[in-house]
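Here is what each chain is made of, one letter per residue.
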Amino acid sequence: MRVSVFGLGYVGCVSAACLASMGHEVIGVDVNPVKVDLVNDGKAPVVEERIGELTAEVVGSGALRATTDVREAIAGSEVSLVCVGTPSEPNGSLCTTYLERVTEQIGAALAERGGRHTVVFRSTMLPGTCLGLLVPVLEKHVGGTAGVDIGVAVNPEFLREGTSVRDFFDPPKTVIGELDPASGDVVAALYADLPGEVFRVPVPTAEAIKYADNAFHGLKIGFANELGAVCRALGVDSHQVMDVFLADRKLNISPAYLRPGFAFGGSCLPKDLRSLVHAARRADVSVPILAHVLPSNEEHLQRAIELVERTGRRKVGLFGLSFKPGTDDLRESPLVELAERLFGKGYDLRIHDANVSLSRLLGANREYIETRLPHLAQLLADSVGEVLEHAEVVLVGTKDPAVLSALPHGGDGPVIVDLVRLPDAEARRAEPGYVGLAW
């Protein structure tokens, strides 16, 4: 394919050279003539493993050249990759100035060129930036409709500085946010020879995936460093701890616990987090990430209460009470906390959990519920139907088949506040009277 790459920094320079080495005809574009001259001389404008040799090779073969002329690049290509920077503003917001400027230039050049051309944004940008900001700019200058006259896609990169060439040829995944299937087809064809799973998703999803990745990477590093500081203070070898931690591929390094849902609870996680943070404070070790896990969990629970408050309705039903489905363990259950707060705010509450019977609660479990929710006996309902008959708002905290089969559709009946992402949540999102907690 004939490809133009806008921006010859790390991402653009590596993308251009690697695509050229795959057999594509590539034109690099940059406002900085020094970078352009370096590329045309067969030299990489960045220092990076393998990029120097690769650039010399593809420039020498004629597969890659560079220019400062946007019109020349657009006229000589069928797809454009936008790789310009999106730095932070002083207040932390995303600077889209360079993105907007290059989009305007591409749009103006496309208006002169005519014919369908696909614009692919690889720059990191927040969800909504492409469709809400860049597509209107493109359409205005081209005088056409994105997805019809112009192809548009978002294709985030997952290149680490220092190993970016290696990462390009062996990516963890390829993500294509497509405005229309034809746009996605162009991007898929561009990377057809690369390994790894390909995800074709809506444009805003592709924008968000990059942030999910980087936020989690930062969180992992911060977590490891904080745990290391606590271990050192307690006389423990942190690397030995993490070697064992990383060996657990079932719970630790896995998809476990990484699906948005309701707040966590139970007899282990809250207790152990409190204990670890307390030990760190006693050792004068600051652990802001670990110290804010429980407050973050608390905020998530509060979101559920706010969703109920916004309905303006007072009769509430709650399906689920134990901290984990299939048990009757109520200790530090976020659903118990939710019920306690709603009851305390004066809501007329009915609760059904097929696994919870007051007469069967024993020991610490019974003691906990008598302390936190002493009125449970008058709140418990014997059946799903009893809750549905009572409630104007229903909070669903379980995937019990009996509950799922009884929930109404299409806005008939109570407002449904989904805390667990129901199996048919995607369809319900289009229905009135349905609210998802984090989706």
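> Before we move on, could you go through the overall build of the chain and cite the residues and values that matter?
What the chain contains, in helices and strands, is 19 helices and 13 strands. Based on the C-alpha atoms only, the size of the chain along its principal axes is roughly 80 × 60 × 40 Å. Each of the 439 residues in the chain was classed as buried or not, and the buried ones make up 44%. Considering only contacts in the chain between residues 6 or more positions apart, those separated by 24 or more positions represent 68%. When the accessible area of the chain is evaluated, it comes to approximately 21,400 Å², of which 53% is carbon and sulfur surface. Computing the positive centroid from 42 side-chain charges and the negative centroid from 57, the chain places the two 3 Å apart.

> Lay out the layout of surface pockets with the relevant residues and their values.
Size it by volume and the second largest pocket reaches roughly 630 Å³. Contributing to the lining of the second largest pocket are 29 residues, with Gly7, Leu8, Cys83, Val84 and Gly85 lying nearest its centre. Among the elements of the structure, helix H1 (10-21) and helix H5 (97-113) are those that each provide at least two residues to the lining of the second largest pocket. If one sorts the elements of the lining of the second largest pocket by residue count, H5 sits on top with four residues. The residue makeup of the lining of the second largest pocket, split by class, is 12 nonpolar, 10 polar and seven charged.

> Residue-level account of helix H2 (residues 33-40), with values.
Two or three places before Val34, at the start of H2, stands the capping residue Asn32, its side-chain oxygen 2.9 Å from that residue's backbone nitrogen. Among the residues trailing H2, Gly42 stands out with phi positive, at a value near 80°.

> How would you summarise empty space enclosed by the protein if you had to cite specific residues and measurements?
One pass over the full model with this rule turns up four cavities of 30 Å³ or more. As for the largest cavity, its lining consists of 15 residues, and the residues nearest its centre are Arg122, Pro156, Pro171, Lys173 and Thr174. Put simply, the parts of the chain that give the lining of the largest cavity at least two residues each are helix H7 (164-169) and strand E7 (174-178). For the lining of the largest cavity, a count of residues per class yields nine nonpolar, two polar and four charged.

> Summarise the environment of Leu8; cite the residues concerned and give the values.
Among the structural elements, Leu8 can be located in the loop between strand E1 (2-6) and H1. Classification of Leu8 as buried rests on a relative accessible area of 2%. A C-alpha to C-alpha distance of 7.8 Å links Leu8 and Val84, two positions 76 residues apart in sequence. Among residues more than four places away in sequence, those in contact with Leu8 are Cys13, Gly28, Val29, Asp30, Lys35, Val39, Pro45 and Ala66.

> How would you explain the pattern of salt bridges if you had to name every residue and give the values?
Per the stated rule, a full pass over the model turns up 20 salt bridges. Among the ionic pairs, Lys271 bridges to Asp272, the shortest N-O distance being 2.6 Å. When its relative accessible area of 40% is taken as the criterion, Asp272 is described as partly exposed. Among the ionic contacts, a cluster of salt bridges with common partners joins Glu178, Asp185 and Arg200.

> Report on helix H3 (residues 51-60), specifying residues and quantitative values.
Regarding H3, the residues found buried are Ile51, Leu54, Thr55, Val58 and Val59. The buried residues of H3 occupy an angular sector of 120° when projected down its axis, which confines them to one face. Opposite the buried face of H3, at more than 90 degrees from it, the exposed residues are Glu53, Glu57 and Gly60. Those residues of H3 that are buried are in contact with H1, H2, strand E3 (64-67) and H7. A positive backbone phi angle near 85° is found at Gly62, which sits one or two residues after H3.

> With reference to specific residues and values, describe the sheet that holds strand E8 (residues 198-201).
Strand order in the open sheet made by the eight strands is E3-E2-E1-E4-E5-E6-E7-E8, with mixed pairing throughout. The open sheet is flanked by E3 and E8, the only strands paired with a single partner. Between one strand axis and the next, the sheet turns through 25° on average, direction left out of account. For E1 and strand E4 (residues 79-82), the ladder comprises four bridges, and the chain directions are parallel. Paired with Ser4 across the two strands is Ser80, which belongs to E4. Taken strand by strand, helix H6 (residues 129-142) contacts strand E5 (118-121) and strand E6 (151-154), and its axis lies near 150° from that of E6.

> Can you break down the pairing of E1 residue by residue, with the values?
With respect to burial, E1 is a largely interior element, four of its five residues being buried. Across five bridges, the pairing between E1 and strand E2 (residues 25-29) is parallel. Looking at the pairing, Arg2 lines up with Glu25 of E2. The parallel pair E1 and E2 is bridged by H1, and the resulting crossover is right-handed.

> Before we move on, could you go through the sheet that holds strand E11 (residues 393-396) and cite the residues and values that matter?
Two orientations exist for strands paired in a sheet by backbone hydrogen bonds: parallel and antiparallel. Overall, parallel pairing links the five strands, which are arranged E10-E9-E11-E12-E13 in an open sheet. The open sheet has two edge strands, strand E10 (348-352) and strand E13 (434-436), and neither has a second partner. Direction aside, neighbouring strands of the sheet carry axes that sit 20° apart on average. Relative to E13, strand E12 (residues 415-418) runs parallel, the two being bridged by three bridges. Of the residues in E13, the one forming a bridge with Val417 is Val435.

> Would you mind going over the packing of aromatic side chains in detail, with residue names and values included?
All chains considered together, the criterion is met by three aromatic pairs. Geometrically, the ring pair formed by Phe168 and Phe169 is edge-to-face, given 5.5 Å between the ring centres and 80° between the ring planes. Since its relative accessible area comes to 3%, Phe168 is described here as buried. Classification of Phe169 by relative accessible area gives partly exposed; the value is 25%.

Calculation rules
- Residues numbered from 1 in each chain as written.
- Predicted model: local features only at pLDDT ≥ 70, side-chain atom pairs only at ≥ 80, totals over all residues.
- Heavy atoms only, no water.
- Helix = DSSP H or I, 4+ residues; strand = E, 2+ residues; numbered from the N terminus.
- Buried < 20%, exposed > 50% of the residue type's maximum accessible area, 1.4 Å probe, protein only.
- Contact = heavy atoms within 4.5 Å.
- Areas by Shrake-Rupley, 256 points an atom, 1.4 Å probe, with all protein chains shown as cover.
- Lys, Arg positive; Asp, Glu negative; His and termini not counted.
- Charge placed at Lys NZ, Arg CZ, Asp CG, Glu CD.
- 1 Å grid on protein atoms, 1.4 Å probe; cavity = no way out; pocket = protein on both sides within 12 Å on 5 of 7 lines; lining within 4 Å.
- Points joined across faces, edges and corners; volume = space filled by probe spheres on them.
- Nonpolar A, V, L, I, M, F, W, Y, C, P; charged D, E, K, R; others polar.
- Polar contact = N/O pair within 3.5 Å; in protein donor to acceptor, adjacent residues only side chain to side chain.
- Salt bridge = Lys/Arg side-chain N within 4 Å of Asp/Glu carboxyl O.
- Arc of directions from axis to C-beta.
- Pairing = 2+ DSSP bridges.
- Axes fitted to C-alpha atoms, helices over the stretch in contact; angles between N-to-C directions.
- Right-handed = clockwise from strand over helix to strand, strands pointing away.
- Phe/Tyr/Trp six-rings, centres within 6.5 Å; stacked < 30°, edge-to-face > 60°.

That's the geometry; what it means functionally is another story.
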